[in-house]
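Coordinate analysis (summary)
Each chain is listed here by its residues.
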Amino acid sequence: RARQGNHDVLFYSSEMNRRSLERIKLETDLRFALDRREFELHYQPQYDVRTQRIVGAEALIRWRHREKGLISPGLFIPFAEETGLIVQIGDWVLQQGLRQLATWRAQGLHLPRLAINVSGLQLRSGFADSLLAHLAQWQVPPQQLELEMTETILMRDNERMTQMLAALSESGLRFALDDFGTGYSNLSYLQHFQIDLLKIDRTFVQGLPDNSRDVALVRSMVQIAQNLGLGVIAEGVETAAQAEFLTDLGCNLIQGYYYHPALPAEQLTELLIAQQGG
Ligand code: C2E
Ligand code: CA
Ligand code: CA
Ligand code: CA
């Protein structure tokens, strides 16, 4: 028995070893991924349920690894944040998204709003200036860009960041509160930041329409948005029943597999053409 146990331990540790080696290799590769142009931006459309029209899209990064294929951001963004690589990656995401908006405009297509995920580390001094410079370079009006930020970022009490975000909001940029409801029970940041849109996290949407606790929570979130005069969007909507239930609650902006997953740019182009020409 003892022997067997030892064997397990040995096996386990070599397995862990293999995994951490793999992790180290991925981490090394990540440092070169930008230079090797291995990142792709995919776009998940956001729908207005009432009009059944695309009113925006969220840009979601993917990593096309030479050996491992398409790697989802959950596997490398945390490491990019730990190492600070997220600053350069985030800047690439922003530029790529704006370049795509310019391409669509040149094709006579219009995506009303592009949402981009922003990590806390990116919000260093200089962020606002470089963002506004990129917007000008690609001739994208600030109103067309939405920055998605989590509660965790906004809970950091940082005067300079608050002022920077206020200035960006002043110039027309939109702000969405990502993963709403997952971070803090304290909503004080809603007093200090000018948020335009609350984004109800997928974990709350999953239980709709049967889980009464999720129903109560989502109803409260929609009410908070309405009471504060903010927009509200639900992410992770997978079924018609969820879409219908959310609409009845007053949340008519929806993003999820029920409509589409994140799509390569060409596929969103097709949808925009169909919507515009149809
Ligand atoms: P998130 O911002 O909460 O993004 C939503 C995630 O839910 C995306 O996963 C999306 O593909 C997925 N999703 C959308 N609809 C459904 C659905 O109906 N069902 C299910 N099960 N999932 C759905 P993804 O693309 O793997 O991204 C994971 C996370 O990685 C994002 O979570 C975001 O935090 C981060 N991320 C992605 N792109 C970027 C980026 O460019 N910059 C930064 N800083 N973070 C990013
Ligand atoms: Ca997001
Ligand atoms: Ca604003
Ligand atoms: Ca989320």
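Each value, and the rule that gives it
Position numbers for residues start from 1 in each chain and track the written sequence from start to end. Whichever chain is written first is A, and whichever ligand is written first is 1; the rest continue in order. Only residues with pLDDT of at least 70 are given local features in this predicted model, and only at 80 or more are side-chain atom pairs given and counted; all residues enter the totals for whole chains, interfaces and linings. Heavy atoms from the whole structure form the basis of all side-chain values; hydrogens and water molecules are not counted. The predictor attaches a confidence to each residue, and that confidence, scored 0 to 100, is pLDDT. Coordination partners: N, O, S within 2.8 Å of the metal, 3.2 Å for Na, K and Ca; water not considered, so apparent gaps in a site are possible. Under the classification used here, a metal with four donors is tetrahedral if each angle lies between 85 and 135 degrees, square planar if opposite donors are over 155 degrees apart and the others between 65 and 115, a six-donor metal meeting that same test is octahedral, and anything else is irregular. Numbering of helices and strands starts at the N terminus; helices are DSSP runs of H or I of at least 4 residues and strands are runs of E of at least 2. Only protein chains enter the calculation, and the probe is 1.4 Å; a residue is then buried if its accessible area is under 20% of its type maximum, exposed if over 50%, and partly exposed in between. One speaks of a salt bridge when a side-chain nitrogen belonging to Lys or Arg is within 4 Å of a carboxyl oxygen belonging to Asp or Glu. Here, a strand pair is defined by DSSP locating no fewer than two bridges between the strands. Call a crossover right-handed when, viewed with both strands pointing away from you, the route from the first strand across the helix to the second goes clockwise. Contacts were defined at the residue level, with two residues in contact if any of their heavy atoms lie within 4.5 Å. Any residue with a heavy atom positioned within 4 Å of a molecule or strand is treated as near that molecule or strand. The term polar contact refers here to a pair of N or O atoms within 3.5 Å; inside protein, the definition further demands a hydrogen-donor-capable atom paired with an acceptor-capable atom, and it admits residues adjacent in sequence only when both atoms are side-chain atoms. In short, Shrake-Rupley with a 1.4 Å probe defines the accessible areas, and a residue's cover is counted only from the protein chains shown.

Here we take up the confidence of the model for the chain. For the chain, the mean per-residue pLDDT works out to 91, and 94% of the residues sit at or above 70. The ipTM value of the predicted complex is 0.97, and its pTM value is 0.93.

Once that is clear, we can look at the coordination of the calcium ion (ligand 2). Any two of four tetrahedral donors ideally make an angle of 109.5 degrees at the metal, while pairs among six octahedral donors ideally make 90 or 180 degrees. For the calcium ion (ligand 2), every protein donor is listed as Glu-58 (OE), Asn-117 (OD1), Glu-148 (OE), Asp-178 (OD) and Asp-178 (OD), and the spread of their distances is 2.2 to 3.2 Å. Given six donor atoms and angles of 44 to 177° at the metal, the environment of the calcium ion (ligand 2) is assigned as irregular. Mapped onto the sequence, the residues coordinating the calcium ion (ligand 2) show the spacing E-x58-N-x30-E-x29-D. The distance between the calcium ion (ligand 2) and the calcium ion (ligand 4) comes to 5.6 Å. Taken together, the positions of Glu-58 in strand 2 (residues 53-65) and Asn-117 in strand 4 (residues 114-117) put the pair 59 residues apart, joining distant regions of the chain. Residue class for Asn-117 comes out partly exposed when judged on its relative accessible area of 29%.

Side chains bearing opposite charge may pair, as long as their charged atoms lie close to each other. Under the definition given, this model contains nine salt bridges. For Lys-25, the salt bridge goes to Asp-29, with nearest N and O atoms at 3.1 Å. Of this pair, Lys-25 and Asp-29 both sit in helix 1 (residues 2-33), separated by four residues, roughly a single helical turn. Residue classification places Lys-25 among the partly exposed positions, given a relative accessible area of 35%. On the basis of relative accessible area, Asp-29 is assigned to the buried category, the value being 9%. One salt-bridge network, held together by shared partners, links Lys-25, Asp-29, Glu-38, Arg-66 and Glu-67.

For the rest of this paragraph, the subject is the pairing of strand 4. As paired elements, strand 2 and strand 4 share three bridges and run parallel to each other. Within strand 4, the position partnered with Glu-58 by the bridge is Ala-115. Both strand 4 and strand 5 (residues 145-150) contribute to a ladder of four bridges, which runs parallel. Residue pairing across strands places Leu-114 opposite Leu-145, the latter belonging to strand 5. Regarding the hand of the β-α-β motif, the stretch spanning strand 4, helix 4 (residues 127-137) and strand 5 is right-handed.

To continue, consider the environment of Leu-190. Within the secondary structure, Leu-190 sits in helix 7 (residues 189-192). Distance in space between the C-alpha atoms of Leu-190 and Gly-229 is 12 Å, their sequence separation being 39 residues.

Further remarks concern the environment of Ile-224. You can see Ile-224 is positioned in helix 9 (residues 212-228). Sequence separation of Ile-224 and Phe-245 is 21 residues, and the distance between their C-alpha atoms is 17 Å. When neighbours within four sequence positions are excluded, Ile-224 is seen to be in contact with Phe-180, Leu-187, Leu-190 and Leu-198.

What follows concerns the site of ligand 1. Looking at ligand 1, there are 20 residues lining it, with Gln-44, Arg-62, Ser-119, Glu-238 and Tyr-257 nearest. In the model, an oxygen atom of ligand 1 is placed 3.2 Å from a nitrogen or oxygen of the Asn-117 side chain. In the environment of ligand 1, an oxygen atom lies 3.3 Å from a nitrogen or oxygen atom belonging to the side chain of Asp-179. Contact with the protein chains hides 83% of the accessible area of ligand 1, taken as 810 Å² for the molecule alone. Listing elements by their share of the shell around ligand 1, those giving two or more residues are strand 2, helix 3 (86-106) and strand 6 (174-180). The leading source of residues in the shell around ligand 1 is strand 2, at four residues.

Within the element layout of this structure, Asn-252 appears in the loop between helix 10 (240-249) and strand 9 (253-255). Judged by relative accessible area, Asn-252 falls into the buried class, the value being 17%. Only 3.1 Å separates the side chain of Asn-252 from the side chain of Asp-48, close enough to count as a polar contact. Dropping the residues within four chain positions of it, Asn-252 is found in contact with Tyr-47, Asp-48, Val-49, Arg-50 and Thr-247.

For the peptide bond that leads from Leu-208 to Pro-209, omega is 0°, which places it in the cis range. Relative to the helices and strands, Pro-209 resides in the loop between helix 8 (202-205) and helix 9. Phi is positive for Arg-37, close to 55°, though the residue is something other than glycine. If you trace the backbone, Arg-37 turns up in the loop between helix 1 and strand 1 (39-48). Although it is not a glycine, Asp-179 adopts a positive phi angle of roughly 55°. Looking at the secondary structure, you find Asp-179 in strand 6. Residue class for Asp-179 comes out partly exposed when judged on its relative accessible area of 25%.

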